[in-house]
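Overview (structure and organization)
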Amino acid sequence: MQTTTQTGYELYENSTFERPRYFPGQMITHEDLTLGMRYAQEQMRLHNRLLHGWGVVCGCEVRPCSTADEQGWHIRIGRGYVLDALGNMICIHRDIVLDIRGDEVAGCGLGPNGEAIDPWCSDVKIERRAGQTLYIAVRYYPYAARPVRAQPGGCGCDDSDCEYSREYDSFIVRPLSRLPGNYDEVMTPPGWDDMFDCDLMAERACPPYPSDPWVILADVTPDADGSLTISYAHRRIVVSLAELYLICQAPDEAQTPEEDRTILLDRAARAGLEEMID
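First things first, this report covers the structure right here in the doc. Source: prediction; values computed, not measured.

The next thing to look at is the overall build of the protein chain. When helices and strands are tallied, the protein chain shows four helices and 11 strands. Within the protein chain, the fraction of its 278 residues that count as buried is 30%. Summarising the internal contacts of the protein chain: among those between residues at least 6 apart in sequence, 66% fall at separations of at least 24. In the form shown here, the protein chain has an accessible surface area of approximately 18600 Å², with 53% of it arising from carbon and sulfur atoms.

Here it is in structure tokens:
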């Protein structure tokens, strides 16, 4: 049974954006159907990477928690949505409980309460020093599922081959001891003035090919007793317009320019963009 699957990270360097062209009477194979799906995935990833950027879009709150068996050493990651540096969409659909002394948690291996289910390595702990900063990071992870019997490809009599018939988009969360390659020790986002500078934007190059798939959700520093200090110093947040909208009012309900400006300044202040408003 084949278990290999592409993660999307190898598609950008060698992509030709090839897609199938169907015509009447054509014999269609699984390669043709898979090519059409891969083409759409490549386009979506490139769109996300170059237009939206990467980081945490919403949710993914990280806070300390305890389990029924132990105090400290655990965090709870809330539901949220993440775009990784290669444009893959990561949907954390429910809360996750993570022991920072463990290795990793896969989204496809969670129990009903968000805890990891691993009958083999659940008791294995990694020693974490007091004061050691760990970077709680997530990455895209597709996995194959639902095996079915596959027809033999030749004239042999072996009918025991199986193939996976489904592929699920999932994720892995892991405490990292070092910053991923896409991050700087001190995060310095670009200034708004630079973003609207015509001279700079006219010569702006495309972002470099990403070197690491991990997206940091939070920095966690444990004490000797397992109590945790959580910081978002390395959380990269994607600018989202999901909650921005306009309302068209009737003429008798229209606001004066002064009222419009007051509302605009208030919204800009809440978004931290008041310096953009003259």
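For the rest of this paragraph, the subject is the environment of Gln-132. Tracing the sequence through the fold places Gln-132 in the loop between β7 (105–106) and β8 (134–149). In this structure the C-alpha to C-alpha distance between Gln-132 and Thr-221, which are 89 residues apart in sequence, comes to 5.7 Å. Apart from residues no more than four positions distant in its own chain, Gln-132 is found in contact with Glu-127, Ser-177, Val-220, Thr-221 and Pro-222.

Relative to the helices and strands, Arg-63 resides in strand β2 (residues 62–65). Relative accessible area serves as the criterion here: at 30%, Arg-63 is assigned to the partly exposed category. Sequence separation of Arg-63 and Ile-77 is 14 residues, and the distance between their C-alpha atoms is 6.8 Å. Filtering out sequence-adjacent residues up to four positions away, Arg-63 remains in contact with Ile-75, Arg-76, Asp-95 and Ile-230.

Residues Ile-75 and Val-138 are the most contacted members of the largest nonpolar core, which totals 33 residues. Among the secondary structure elements, those contributing two or more residues to this core are β3 (74–77), β5 (89–92), β6 (96–99), β8, β9 (162–176) and β10 (215–222). In terms of residues, this core owes the most to one element, β8, which gives six residues. For Val-138, the residues in contact, after removing those within four places along its chain, are Val-82, Ile-90, Ile-92, Phe-171, Ile-172, Val-173, Pro-213, Trp-214, Val-215 and Leu-217.

This part takes up the sheet that holds β10. Reading across from one edge, β7-β9-β8-β10-β11 is the order of the five strands in this open sheet, with antiparallel pairing throughout. Pairing within the sheet leaves two strands with one partner each, and these edge strands are β7 and β11 (228–231).

Glancing now at the side chain of Asp-99. Mapped onto the secondary structure, Asp-99 falls in strand β6. Given the relative accessible area of 12%, Asp-99 is considered buried. At 2.9 Å, the side chain of Asp-99 forms a polar contact with the backbone nitrogen of Arg-101. Asp-99 has contacts with Trp-73, His-74 and Lys-125, leaving out every residue within four places of it along the chain.

Before going further, it helps to spend a moment on helix α1 (residues 30–52). Compared with the 33 Å implied by 1.5 Å per residue over 23 residues, the 32 Å span of α1 between its first and last C-alpha is a close match. Among the residues of α1, those classed as buried are Asp-32, Arg-38, Tyr-39, Gln-41, Glu-42, Arg-45, Asn-48 and Arg-49. Where α1 is buried, its residues touch β4 (80–83), β5, β8 and β9. Gly-53 occupies a position one or two residues after α1 and carries a positive phi of about 85 degrees.

This brings us to the packing of aromatic side chains. For the coordinates displayed, the defined rule picks out two aromatic pairs. Each ring, one from Trp-54 and one from Tyr-183, has its centre 5.3 Å from the other, and the planes form 85 degrees; the classification is edge-to-face. Placement of the pair is Trp-54 in the loop between α1 and β1 (55–59) and Tyr-183 in the loop between β9 and α2 (192–195), with a sequence separation of 129 residues. Like Tyr-183, Trp-54 is buried. Looking at Arg-139, its charged tip hangs above the ring of Trp-214, at a distance of 5.8 Å from the centre. A cation over an aromatic ring shows up here: Arg-235 above the ring of Tyr-232, its NZ or CZ 4.5 Å from the ring centre.

The rules behind these values
- Within every chain, residues take consecutive numbers counted from 1 along the sequence as written.
- In view of the model being predicted, local features appear only for residues whose pLDDT reaches at least 70, and side-chain atom pairs are presented and counted only at 80 or more, with totals across whole chains, interfaces and linings using the full set of residues.
- Excluded from the side-chain calculations are hydrogens and water; all other atoms, namely the structure's heavy atoms, are used.
- Each helix is a run of H or I in the DSSP string that is no shorter than four residues. Each strand is a run of E no shorter than two, and both are numbered from the N terminus.
- Under the scheme applied here, a residue whose accessible area is under 20% of the maximum for its type counts as buried, over 50% as exposed, and between as partly exposed, the area being computed with a 1.4 Å probe on protein chains only.
- The contact criterion used is simple: two residues touch if any of their non-hydrogen atoms lie within 4.5 Å.
- All accessibility values rest on the Shrake-Rupley procedure with a 1.4 Å probe; residue burial counts only the protein chains present in the view.
- Put simply, buried Ala, Val, Leu, Ile, Met, Phe, Trp, Tyr and Cys residues joined by side-chain atoms within 4.5 Å make one nonpolar core.
- For two strands to pair, DSSP has to find at least two bridges joining them.
- Distance and chemistry together define a polar contact, namely a pair of N or O atoms within 3.5 Å, with one atom able to donate a hydrogen and the other to accept it when in protein, and with adjacent residues in sequence counting only for side-chain atoms on both sides.
- What a helix is expected to span follows from its residue count: subtract one and scale by 1.5 Å.
- Aromatic contacts are taken between Phe, Tyr and Trp rings whose centres are within 6.5 Å, Trp giving its six-membered ring; a plane angle under 30 degrees counts as stacked, one over 60 as edge-to-face, and the others as tilted.
- Over a ring means this: the NZ of a Lys or the CZ of an Arg is within 6 Å of the ring centre and within 35 degrees of the ring normal.

Geometric values such as these leave the question of function open.
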